[in-house]
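# Topology and contacts: notes
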Amino acid sequence: MLPISQTTDEKVALEIGLPDELLEFARMVNSGELSVRADVTVRLTADLDMTGTKWVPIGFGGACFSGIFDGGGHTISAVTIQKKWPGNYGLFGYVTGAIQNVTVTGTIYNRSGEPHSAVGGIVGDLAGGVVRNCAADLVIDSNRRSLGFFAGGIAGLLEKGGLVQNCRSSVRVDNVLANFLYLGGVAGAVMDSRMERCTYTGAITVLGGEIYYIDVGGIAGNVQGRSSVTGCLNLGDLEAS
C-alpha cells in the first residue's frame, strides 16, 4: 500500500520513495480514486528506477491528474511506455494540475499507427495546468507509424491556458510518419497557452512523403490562438526527407 503521510477531508499528501509506490499512485489516479482531485499533493523522496515495469501514464483512460506533483529534483529513470491504442502518453497522460522539479528518462515506443493521441515526455495533454523546472531525456520511436495528432519532448499538447516554464528537453524523436501531426522538441502544439524559458537539445527525424503533413519545430510544432513562446532556445537537430 502507498503510505499516505497526511489525509483530511480536504487534502491528501503522499510521499513516494520506491518504484512500487509510484505504480500504486498511478493506479489510484487511473482507477478514479484520486482522479480530478486538486487537493492531492505528491512529493518524491528519492530517485526511482522503473526498469522492468510497463508504465501506464498517470491520468490515462479517462482519468485526470489535477493535484501537485513535486519531484524534489529527483529522476525517474527507465520509464518504458508502449503506445498501443489512442490516448495521452507520457509520465503523465492528462493533467490539469502542476508537475514540477522532476527529470524523466526512458523510451516511448509506438506500436499503433493512429491519428488521435497526444505524446510527451512529461505529459501527453496539459490542459490549463503547469509544468515547470522539468527535464525529459527520452527516445520516442514512431516506428514508421503515426504518433497521433500531437507529440513533444515535454508536452504533446499545451492547451486551455496551460504553462510550460523553465523546462529542458533532449528527447530524440525517430522514424516519424504521420498523416497529420504537430511535432515539437518541447511541445507539439501550443494552443491559447504559454511557454517560457525552455531549451531543446535533442534531434527529430521525419520520414516524409506526398501524403504526409507535419508541422515540426525545435521548440513547438505549431502555435495558435492567444499563445506566447518567449525566452526559448533551440539547439536541436531537425531532419526531414
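First, a word on what this report is: a plain description of the structure on this page. (Residues numbered from 1 in each chain as written. Predicted model: local features only at pLDDT ≥ 70, side-chain atom pairs only at ≥ 80, totals over all residues. Heavy atoms only, no water.)

Another point: the pattern of salt bridges. In total, this model carries nine salt bridges according to the counting rule given. Here E196 ties to R194 by a salt bridge, and the two come within 2.9 Å at their closest N and O atoms. Taking relative accessible area as the criterion, R194 reaches 38% and is therefore assigned partly exposed. Ionic pairing is found between R197 and E196, a salt bridge with its closest N-O pair at 4.0 Å. Residue R197 is classed as partly exposed on the basis of its relative accessible area of 45%. Here the salt bridges share partners, and the residues they tie into one network are E24, R27 and E33. (Salt bridge = Lys/Arg side-chain N within 4 Å of Asp/Glu carboxyl O. Buried < 20%, exposed > 50% of the residue type's maximum accessible area, 1.4 Å probe, protein only.)

Before going further, it helps to examine the sheet that holds strand β6 (residues 88–89). Spatially, β6-β9-β13-β18-β23 is the arrangement adopted by the five strands of the open sheet, whose pairing is parallel. At either margin of the open sheet sits one strand with a lone partner, and together these are β6 and β23 (213–217). The sheet contact formed by strand β13 (residues 150–152) and strand β18 (residues 180–184) spans three bridges and is parallel. Its bridge partner being in β18, G152 is matched across the sheet by G184. (Pairing = 2+ DSSP bridges. Helix = DSSP H or I, 4+ residues; strand = E, 2+ residues; numbered from the N terminus.)

Let us look at the side chain of S193. By the secondary structure assignment, S193 is in the loop between β19 (187–191) and β20 (194–196). Classification of S193 as buried rests on a relative accessible area of 2%. Within the structure, S193 has its side chain in polar contact with the backbone oxygen of E159 (distance 3.3 Å). There is a polar contact of 3.3 Å between the side chain of S193 and the backbone nitrogen of G161. Contact partners of S193, with chain neighbours within four places excluded, come to L158, E159, K160, G161, G162, R226, S227 and S228. (Polar contact = N/O pair within 3.5 Å; in protein donor to acceptor, adjacent residues only side chain to side chain. Contact = heavy atoms within 4.5 Å.)

What follows deals with the nonpolar core. If you look at the biggest cluster of nonpolar residues, it comprises 64 residues, and the most contacted ones within it are L22, F25, F69, I99, V131 and V164. The dominant element in this core, judged by the number of residues it contributes, is helix α1 (residues 19–30), at five residues. For V164, the contacting residues outside a window of four places in its chain are L126, V131, I154, L158, V186, R194, M195, E196 and C198. In terms of nonpolar packing, the next biggest core, distinct from the first, is built from six residues, A118, F150, Y182 and A189 among them. (Core = buried A, V, L, I, M, F, W, Y, C linked by side-chain atoms within 4.5 Å.)

Between its first and last C-alpha atoms α1 spans 17 Å; for 12 residues at 1.5 Å apiece the expected length is 16 Å, and the two agree. Those residues of α1 that sit buried are E21, L22, E24, F25, A26, M28 and V29. In this structure, the buried residues of α1 make contact with β2 (12–16), β3 (40–44), β4 (48–49) and β5 (68–83). Once α1 ends, the next one or two residues include G32, with phi positive near 100°. (Expected span 1.5 Å × (residues − 1).)

Each regular strand carries side chains that alternate between the two faces of the sheet. Burial along strand β22 (residues 203–206) is one-sided: the residues I204 and V206 are buried and none of A203 and T205 is. Direction of pairing for strand β17 (residues 172–176) relative to β22: parallel, over a ladder of three bridges. What sits directly across from R172, in β22, is A203. Two elements, β22 and strand β27 (residues 237–240), share four bridges in a ladder whose sense is parallel. What sits directly across from A203, in β27, is D237.

Assignment of secondary structure puts E159 in strand β14 (residues 155–159). As a buried residue without a salt bridge, E159 has its nearest oppositely charged side chain in K160, at a separation of 4.6 Å. Every residue in contact with E159, bar those within four places of it in the chain, is listed here: Y94, D125, L126, A127, G128, M191 and S193. (Lys, Arg positive; Asp, Glu negative; His and termini not counted.)

Taken in spatial order, the five strands of this open sheet run β7-β10-β14-β19-β24, and their pairing is parallel. The strands lining the two open edges of the sheet, one partner per strand, are β7 (92–95) and β24 (220–224). For this sheet, the mean angle separating the axes of adjacent strands, direction not counted, is 5°. Sheet analysis places β14 next to β19, joined by four bridges and oriented parallel. Within β19, the residue paired with E159 across the bridge is M191. (Axes fitted to C-alpha atoms, helices over the stretch in contact; angles between N-to-C directions.)

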